[in-house]
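Structural overview
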Amino acid sequence: MNTTNEVTKQFPVRLGNELHQHIDRVSNETHINKSTLVRLAVENLVRSIDESGISEKYRSIAEI
């Protein structure tokens, strides 16, 4: 996932209480830390957006 030549970026993410409770519960149940869970979720979201082609659709709309 992360190579020694790769720069790691950080940014704060604000979560509502309910979502935080869900992530906290999943983290406790799976023994996966919250940072990893959020990173996996973002990777899956970006992959899903890329595979759906929705970025291209919005880009073409913005050019009109």
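Higher on the page you've got the structure.
If you're wondering where the values come from, they're calculated on a predicted model, not measured in any experiment. (Residues numbered from 1 in each chain as written. Predicted model: local features only at pLDDT ≥ 70, side-chain atom pairs only at ≥ 80, totals over all residues. Heavy atoms only, no water.)

**A short note on unusual backbone geometry**
Here is the rule: Elements are defined by DSSP. Helices are runs of H or I of four residues or more, strands are runs of E of two residues or more, and each kind is numbered from the N terminus. Classification of residues uses two cut-offs on accessible area relative to the type maximum, computed with a 1.4 Å probe and protein chains only: under 20% is buried, over 50% is exposed, and between them is partly exposed.
The phi torsion at His-31 lies on the positive side, around 60 degrees, for a residue other than glycine. As for its position among the elements, His-31 is in the loop between α1 (17-30) and α2 (34-52). Given a relative accessible area of 73%, His-31 falls into the exposed group.

**With respect to the packing of α1 against α2**
Under the convention used in this document: To get an axis, a line is fitted to the C-alpha atoms, and for a helix only the part in contact is used. The angle between two axes follows their N-to-C directions and goes from 0 to 180 degrees. The labels follow the angle: roughly parallel below 35 degrees, roughly antiparallel above 145, roughly perpendicular from 65 to 115, and oblique for the rest. Each crossing gets its hand from how the near helix is turned against the far one by less than a right angle, where anticlockwise is left-handed and clockwise is right-handed. Contacts: residue pairs with any heavy atoms within 4.5 Å of one another.
Contact pair α1 / α2: the axes reach a minimum separation of 9 Å and the direction vectors enclose 110 degrees. The orientation of α1 with respect to α2, classified from their angle, is roughly perpendicular. Crossing geometry of α1 relative to α2 is assigned as right-handed. Side by side, α1 and α2 meet where His-20, Ile-23, Asp-24, Val-26 and Ser-27 of the first sit next to Lys-34, Leu-37 and Val-38 of the second.

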